[in-house]
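Here is how the chains run, residue by residue.
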There are 4 protein chains.
Amino acid sequence: MIIVLKKQISEMQKESIRSFLVEKGYTVKEIVGQEETVFGAVGQSTLDIREVELLEGVANVVPISKPYKLASRELKKEDTIVTVGKVKIGGNRIAIIAGPCAVESREQIMSIAASVREAGAVILRGGAFKPRTSPYAFQGLGEEGLKYLKEAGETYGMPVTTEIVNPSDAPMMTKYIDMFQIGARNMQNFELLKAVGKTGMPVLLKRGLCATIEEWLMAAEYLMASGTDQIVLCERGIRTYERATRNTLDVSAIPVVQKMTHLPVIGDPSHATGLRDMVSPMSLALIASGASGLIVEVHNNPEKAFSDGPQSLYPSQFEKLMRDLHSLSAVVGKSLE
Amino acid sequence: MIIVLKKQISEMQKESIRSFLVEKGYTVKEIVGQEETVFGAVGQSTLDIREVELLEGVANVVPISKPYKLASRELKKEDTIVTVGKVKIGGNRIAIIAGPCAVESREQIMSIAASVREAGAVILRGGAFKPRTSPYAFQGLGEEGLKYLKEAGETYGMPVTTEIVNPSDAPMMTKYIDMFQIGARNMQNFELLKAVGKTGMPVLLKRGLCATIEEWLMAAEYLMASGTDQIVLCERGIRTYERATRNTLDVSAIPVVQKMTHLPVIGDPSHATGLRDMVSPMSLALIASGASGLIVEVHNNPEKAFSDGPQSLYPSQFEKLMRDLHSLSAVVGKSLE
Amino acid sequence: MIIVLKKQISEMQKESIRSFLVEKGYTVKEIVGQEETVFGAVGQSTLDIREVELLEGVANVVPISKPYKLASRELKKEDTIVTVGKVKIGGNRIAIIAGPCAVESREQIMSIAASVREAGAVILRGGAFKPRTSPYAFQGLGEEGLKYLKEAGETYGMPVTTEIVNPSDAPMMTKYIDMFQIGARNMQNFELLKAVGKTGMPVLLKRGLCATIEEWLMAAEYLMASGTDQIVLCERGIRTYERATRNTLDVSAIPVVQKMTHLPVIGDPSHATGLRDMVSPMSLALIASGASGLIVEVHNNPEKAFSDGPQSLYPSQFEKLMRDLHSLSAVVGKSLE
Amino acid sequence: MIIVLKKQISEMQKESIRSFLVEKGYTVKEIVGQEETVFGAVGQSTLDIREVELLEGVANVVPISKPYKLASRELKKEDTIVTVGKVKIGGNRIAIIAGPCAVESREQIMSIAASVREAGAVILRGGAFKPRTSPYAFQGLGEEGLKYLKEAGETYGMPVTTEIVNPSDAPMMTKYIDMFQIGARNMQNFELLKAVGKTGMPVLLKRGLCATIEEWLMAAEYLMASGTDQIVLCERGIRTYERATRNTLDVSAIPVVQKMTHLPVIGDPSHATGLRDMVSPMSLALIASGASGLIVEVHNNPEKAFSDGPQSLYPSQFEKLMRDLHSLSAVVGKSLE
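Residues numbered from 1 in each chain as written. Chains lettered and ligands numbered in written order. Predicted model: local features only at pLDDT ≥ 70, side-chain atom pairs only at ≥ 80, totals over all residues. Heavy atoms only, no water.

Thoughts on the pairing of strand β1 (residues 2-5) of chain D
All names here are of chain D. What counts is decided by this rule: We call a residue buried when its accessible area falls under 20% of the maximum for its residue type, exposed when it is over 50%, and partly exposed in between, using a 1.4 Å probe and counting protein chains only. Helix and strand assignments come from DSSP, with helices taken as H or I runs of at least 4 residues and strands as E runs of at least 2, each series counted from the N terminus. If DSSP finds at least two bridges between two strands, the strands pair.
The two faces of β1 match: Ile2 and Val4 on one face and Ile3 and Leu5 on the other face are all buried. Looking at chain direction, β1 and strand β3 (residues 37-42) are connected through three bridges and run antiparallel. Considered in β3, the bridge of Ile3 is made with Phe39.

Here you go:
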């Protein structure tokens, strides 16, 4: 931590700041400049920096250490490759996860699984527990939905992923799925992170709607500290002042995150944009920026979907997108998983 | 819902939009202007408006109905007065909730309870389950903390409130506390809202860090639909681009919320600002804008606090604040509870 | 405009709202639904909608007409192709504008012009008047810089563009340049827009740091109403809460803007990201999303640049980028101009 | 500046960073910690910190010096008292500026001047050059408006203030007015800042819609570096994701700014909220938080106002507000100027 001192600081105040830091376990060095004097304080303490800000004579305090460790690229230089069933995510692969917003019936998920598999998707998605903004909206089929999802995945040879919303569901869900999803609204639901981390299973961790990249990595740190190291980060749009789009897809987060962590990062163009015709251009933009994959909503009958129909691709649109992604993958030096 | 039609729309497209809406249960009226033609569609359907946006010939769709009903001022014109133990929140009262960020020991909470009661606080706060950004930080005393909190409240004649973070804790917690707190990070943790709503107990519902006012009222709607109507809303700062303050306290939300809902709204100057010297000016600003109360962090020894010490007032600062609030209450035509 | 009425509205209030609107020149239709009653009001009046919001009995007012006309896709269906010297921007072309942040000397701009031309850029950029955040920073070479820029453009066969910051400079600048640039900070400097519009010359209009897409189109409308229809929009990043990147490049604005207006839209990956290694991935993302071109900063000696060196590409990086863009253009069905 | 080094940095890279900094005129000290090694570099250089970020082996760079000097509280400890005619702004005074959005006629401004003076306002406002979002809206009376404003100010004994939008107008305007206003959209119109600064006259500097507090102080620095030290800062709402209010009034900016600068800061509740009934609660909140005054829009006939009628107070509302401010001033230990 760097402590910038006020220009009018007295020697006594300076001494008192130094003692405070030393007592907390820091080594302190003074740097005297023409415009300002600063203390550099290093140590392993987890002091709240605001405590130092409040000391007399302190102008400003700047943290140096990153709060995340296990997720950091500094700790582990090479890319983590996450394994979901037989599918690998990370490195030079592009992995496409596809399926409906919600599992609505056995027939529906079987039919969609068949078409996304045919088009080239490698993991099947489908919600069974839906966190809806309105208490009056469809909340998912629950465990029954998980059964259908598992059956569809097995039939078409795809590992499956679904969202968890209640910590107490974690043990039950491990029987049906290959990868957990933590939704944007639950990115800082720490009880949920701990429950999922404990299972040791792969997790798709979506970025919260107003989470900084650092907070997102701290959520990954929670998962890692709880017991899993198989984490795929997923950018899905952030909230900004702009309302012409549902959210603002933060495409530049992709290369930034790749510098900060060894975990793979993919994108969710469906939730970011909320509208079908935006999904393809944003899918291409995400992959062009370096993303390791996508999670895309596809529905065989979007007009009748129980939720998020308007952002679901028709199977034929998804096929076209897969062909474009195939061409694009060569431009960025990768290949489709 | 209002559907703005494209200028070049054909008669067939128009007819097809009309049929779509009628089939979904809407009554449709056409309004022809010089610059644009719109359809007004009214009905009780809960159609996703994006489905209409995607129809050929549609330029734009504007929702009219509010998604919240029970929380709406239209449904209930007069102010709701929330009763927590013997304390009333709402109307012309100003209720001050105070206490430490976290219950750290029996001695600590007893001592702080004594001083905030003496200064004029009417409800005691103290965290037992702490949702911390870092997995390595102090996570609270758990049920033991609740026991101490209850004892302190009973000793000094104050109802008590604490944050809940796991839905499965709700039944246990009702034995110890008088009001639940839902934290900002959990405002859209719908499983938690449902579990708390089911208890029927009073709830302090903090606004999420990037929640719109409408989403905040939808979270209140979840609680109400689940079984409680004793809800106090709490503004605690939103995330903006500005980083000179921890969050941006949205003071203008106070009068806006009061027009939209009958539920009382208070403010949390401690979390909004994160720094002790900002707490008093922001407390006065909140009350001046019309808030029904405050929740303030006070600690008898902030330097040794396990969490959020830097934003906790010293007991003497809290006493001074209470005196200022007393003078201010007359200016806004209210009185301290 | 749509006026949503309060449920408890009296007949007299209703009548009074209707008369108010009719008097202002609107035609009013009433739509009675089960949940709400609304008035649809159409006309050519430019009433401030807040005046209606303040009438007794009004719950909410929703504007319908777009405030921009000339810039609207409704008015002109086919893409505008902007002509800058011999270069065309828009349609199925991808036009690359490149050059240094600032013209620093005759030698510098000649050297950079040679290398960007060689690599495939079609328009040369270079600042002569620099709007700097600090009054103590380099403010540009002024008219002398324009002379060097013009000479470099003529020597290497490229039209040139530069930023204008003072309305009174417009007539002088037309002698030297082929396209004006309006910078992000001046997007709502209406005096500047009017002065530039009056010249009738092509304009590159950057989006303001916190401008909505609608406000951006309104700025284009100012230019069009003042006398030019040769406008290229340029997305260059918006301000959000995220600070891991300098700005948040709003890539999804590209397809959204293309639906709303007939004007071409390009992207500025250099200012959006502020760092050299982010420029290439974001360039690819912009083109993948459908942008009609890019404006990129290139410097022959970035370490010695007077401004923005860290975001300038080395000539060799720019060549590599041009090769990647060539491959990518086929994927999106376009070709490099 | 503090340079955090990568953990895997080589000795050669370290040496190369050190030489780079020394060459640029910095004194460099190394601080070795258990978790990280940092360089502290002090000096008067104005190096772009991104140049250091790009060096091999650098993990992160943290600036220490503030970019503003003259505006800084470090340079000048005591409050600046700005003198506008006979009125003083700053210290323990509360100064109220009031008047219409725009001067519309001689009669209008005379009538409003009379009533705001009677109610206790000390400075008269009124726009003559209006920066309007739409090119088709009323743009102000120009110099004629300034004449009426001056006459009204003289008749009722109030200094007057108005907005400037074109740098070339500055000399002409000094004949009519006592204080310039720089509007939010022009806060970073550096040509305008320089032109106004050169006049040496008092300036009311509004915060830009998405300006950080630091950028706002840099704009004040521009004015000071150009020749005036009579600057009043004015908070008028920032742009956030929330749309239930026009802007988000950043009330906590008031105490924050007061720590950072010696210049007085006031608030503009009219533009921040955009609606008449929000003006009074927000006025009280601003003064409660410590603001040195307000600028409030008042109109004798808001329904007929050429612009911003809906946010203008009726004279009777303004009188009531002045009485409330009188009571409130005692609570915050100040008195109305």
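Right, picking up where we left off after that structure.
Examining the pattern of salt bridges
The cut-off we apply is this: Any Lys or Arg side-chain nitrogen located within 4 Å of an Asp or Glu carboxyl oxygen qualifies as a salt bridge.
Under the definition given, this model contains 80 salt bridges over all chains. A salt bridge links Arg207 of chain A to Glu242 of chain C, with the shortest nitrogen-to-oxygen separation between them at 2.7 Å. On the criterion of chain membership, the pair formed by Arg207 of chain A in the loop between β11 (203-206) and α7 (213-226) and Glu242 of chain C in the loop between β12 (231-235) and α8 (253-260) is interchain, its members lying in two chains. For Arg207 of chain A, a relative accessible area of 0% gives the class buried.

Thoughts on the relation of the copies chain B and chain A
What counts is decided by this rule: Superposing copies: least-squares fit, C-alpha atoms only, residues required to have pLDDT of at least 70 in both. A contact between two residues is defined here by any heavy atoms of the two lying within 4.5 Å.
Mapping chain B onto chain A calls for a screw motion: a turn of 180° about the axis and a shift of 0.0 Å along it, with 0.0 Å RMSD after fitting. Expressed as a symmetry operation, the mapping of one chain copy onto the other fits a two-fold axis. Closest to the rotation axis within chain B is the C-alpha of Cys210 of chain B, separated from it by 3.0 Å. In this assembly, 100% of the residues forming the interface of chain B have copies in chain A that are likewise at the interface, indicating an isologous arrangement.

What about empty space enclosed by the protein?
Regions of empty space are outlined by a rolling probe, equal in size to a water molecule, passed over the atoms. Inclusion rule: For cavity detection a 1 Å grid was placed over the protein atoms alone, and a set of points counts as a cavity when a 1.4 Å probe fits there but cannot get out; an open set counts as a pocket when protein lies on both sides within 12 Å along at least five of seven lines, with lining residues being those that have an atom within 4 Å of a point. Grid points are joined across faces, edges and corners, and a volume is the space filled by probe spheres set on the points. Under this grouping Gly is polar, as are all residues other than the nonpolar Ala, Val, Leu, Ile, Met, Phe, Trp, Tyr, Cys and Pro and the charged Asp, Glu, Lys and Arg.
Using the criterion set out here, one finds five cavities of 30 Å³ or more in the structure. Of the pockets and cavities examined, the largest cavity occupies roughly 140 Å³. Taken together, 16 residues line the largest cavity, and the ones lying closest to its centre are Thr240 and Tyr241 of chain B, Thr240 and Tyr241 of chain C together with Tyr241 of chain D. Of the residues assigned to the lining of the largest cavity, the class counts are eight nonpolar, four polar and four charged. As a volume, the second largest cavity reaches approximately 40 Å³. Lining the second largest cavity are Pro131, Val165 and Asn186 of chain A together with Gln188, Asn189, Phe190 and Glu191 of chain B. Broken down by class, the residue content of the lining of the second largest cavity amounts to three nonpolar, three polar and one charged.

Looking at the state of the cysteines
Stated precisely, the cut-off is as follows: What counts as a disulfide here is a pair of cysteine sulfur atoms lying within 2.5 Å.
In this structure the tally under the stated criterion is zero disulfides over all chains. This cysteine, Cys101 of chain D, is not joined by any disulfide, and Cys234 of chain D carries the nearest cysteine sulfur, 14 Å off.

Quick word on a nonpolar patch on the surface
Condition: Candidates for patches are residues over 30% relative accessible area with no salt bridge; among them, like charges are joined within 9 Å and nonpolar side chains (Val, Leu, Ile, Met, Phe, Trp, Tyr) within 5 Å. In these tables, accessible area is a Shrake-Rupley quantity obtained with a 1.4 Å probe, and a residue counts as shielded only by the protein chains included in the view.
On the surface, Leu70 and Leu75 of chain A together with Tyr136 of chain B cluster together to form a nonpolar patch covering roughly 300 Å² of accessible area. Note on placement: Leu70 of chain A falls in the loop between β4 (58-62) and β5 (82-84). Leu70 of chain A gets classed as partly exposed once you look at its relative accessible area, which sits at 32%.

A few points about the interface of chain B and chain A
As a reminder, the rule being used: Buried area: the accessible area, evaluated with a 1.4 Å probe, that two parts lose upon being put together, summed over both parts. In the analysis that follows, any N or O atom pair within 3.5 Å is treated as a polar contact, provided that within protein one partner can donate a hydrogen and the other can accept it, and provided that, for residues neighboring in sequence, both atoms belong to side chains.
Contacts between the two partners involve 44 residues from chain B and, on the opposite side, 44 residues from chain A. Roughly 3,800 Å² is buried in total at the junction of chain B and chain A, and carbon and sulfur atoms are behind 54% of that figure. Between chain B and chain A we count four salt bridges in total. Asp308 of chain B is paired through a salt bridge with Arg50 of chain A; the nearest N and O atoms lie 2.8 Å apart. At the boundary of chain B and chain A, one finds 24 residue pairs in polar contact (both at pLDDT 80 or more). Listed by contribution, the elements that provide at least two residues to the side of chain B that touches chain A are α2 (49-53), α6 (190-199), α7 (213-226) and α10 (276-288) of chain B. Tallying contributions element by element places α7 of chain B first for the side of chain B that touches chain A, with five residues. Across the side of chain B that touches chain A, the residue classes tally to 16 nonpolar, ten polar and 18 charged.

A word on the interface of chain D and chain A
Counting from both sides, the interface comprises 29 residues of chain D and, opposite them, 29 residues of chain A. Taken together, both faces of the contact between chain D and chain A bury some 2,800 Å²; the carbon and sulfur share is 57%. Mapped by element, the contributors of at least two residues to the side of chain D that touches chain A are β1, β2 (27-32), β3 and β4 (58-62) of chain D. Per-class residue counts for the side of chain D that touches chain A are ten nonpolar, eight polar and eleven charged.

Looking at the domain arrangement of chain A
Under the convention used in this document: What fixes the domain bounds is an automatic or database domain assignment.
For chain A, the domain assignment lists domain 1 (2-62) and domain 2 (82-336). Once you take the C-alpha centre of each, domain 1 of chain A and domain 2 of chain A turn out to be 45 Å apart.

Section: the sheet that holds β1 of chain D
All names here are of chain D. Where we set the bar: Working convention: axes come from line fits to C-alpha atoms, limited for helices to the stretch in contact. Angles between N-to-C directions cover 0 to 180 degrees.
On the basis of which strands lie adjacent, the open sheet formed by four strands has the order β2-β3-β1-β4 and antiparallel pairing. Every other strand in the sheet has two partners, leaving β2 and β4 as the edge strands with one partner each. The sheet shows a mean angle of 20° between the axes of neighbouring strands, taken without regard to direction. Relative to β4, β1 runs antiparallel, the two sharing four bridges. Its bridge partner lying in β4, Ile2 is registered against Val62.

Comments concerning the sheet that holds strand β1 (residues 2-5) of chain C
Residues and elements named next belong to chain C. The strand order β2-β3-β1-β4 describes an open sheet built from four strands, whose pairing is antiparallel. Because the sheet does not close on itself, it has two edges, and the strands there are β2 (27-32) and β4 (58-62). Each strand axis lies, on average, 20° off the axis of its neighbour in the sheet, ignoring direction. Running at roughly 10° to strand β3 (residues 37-42), helix α1 (residues 11-23) makes contact with β1, β2, β3 and β4 of the sheet.

Some details on the pairing of strand β14 (residues 293-297) of chain D
All names here are of chain D. The buried count for β14 comes to five of five residues, which makes it a mostly enclosed element. One ladder, built from five bridges, connects strand β7 (residues 93-99) with β14; its direction is parallel. Following the sheet pairing, Ala98 is matched in β14 by Val296.

Some words on the relation of the copies chain D and chain A
Taken as rigid bodies, chain D and chain A are interconverted by a rotation of 180° and an axial shift of 0.0 Å, the fit giving an RMSD of 0.0 Å. Both copies contact each other with a shared surface, as 100% of the interface residues of chain D are interface residues in chain A too.

Observations concerning a positive patch on the surface
Rule in force here: Think of it this way: Lys and Arg go in the positive column, Asp and Glu in the negative one, and His and the chain ends go nowhere. Lys charges are placed at NZ, Arg charges at CZ, Asp charges at CG and Glu charges at CD.
Where like charges cluster on the molecular surface, the positive patch consists of Lys6 and Lys7 of chain A together with Lys66 and Lys77 of chain D. Along the chain, Lys6 of chain A turns up in the loop between β1 (2-5) and α1 (11-23). A relative accessible area of 38% places Lys6 of chain A in the partly exposed class.

Digging into the nonpolar core
Test applied: To form a nonpolar core, buried Ala, Val, Leu, Ile, Met, Phe, Trp, Tyr and Cys residues must be joined to one another through side-chain atoms within 4.5 Å.
Counting residues in hydrophobic clusters, the biggest one holds 163 residues, and the most contacted among them are Leu205, Leu233 and Phe318 of chain A together with Leu205, Leu233 and Phe318 of chain C. With sequence-adjacent residues up to four places away left out, Leu205 of chain A is seen in contact with Ile182, Met187, Leu193, Trp216, Ala219, Ala220, Leu223, Ile231, Val232, Leu233 and Cys234 of chain A. One finds Ala113, Ala128 and Leu321 of chain B together with Val103 of chain D within the second-largest nonpolar core, a separate group that totals 162 residues.

Examining helix α1 (residues 11-23) of chain D
What sets the pattern is the α-helix's 3.6 residues per turn: residues three or four places apart point alike. All names here are of chain D. Convention followed: How far a helix is expected to stretch is found by multiplying one less than its residue total by 1.5 Å. The reported arc concerns the directions from the helix axis to the C-beta atoms and nothing else.
Here α1 spans 18 Å end to end across 13 residues, near enough to the 18 Å set by a 1.5 Å rise per residue. Within α1 the residues assigned to the buried category are Lys14, Ile17, Phe20 and Leu21. Looking straight down α1, one finds that the buried residues subtend no more than 125° of arc, so they occupy a single side. Structural note: α1 exposes Glu11, Met12 and Glu23 on the side pointing more than 90 degrees away from its buried face. Contacts from the buried residues of α1 go to β1, β2, β3, α2 (49-53) and β4. Just downstream of α1, Gly25 is the residue with a positive phi angle, here 100°.

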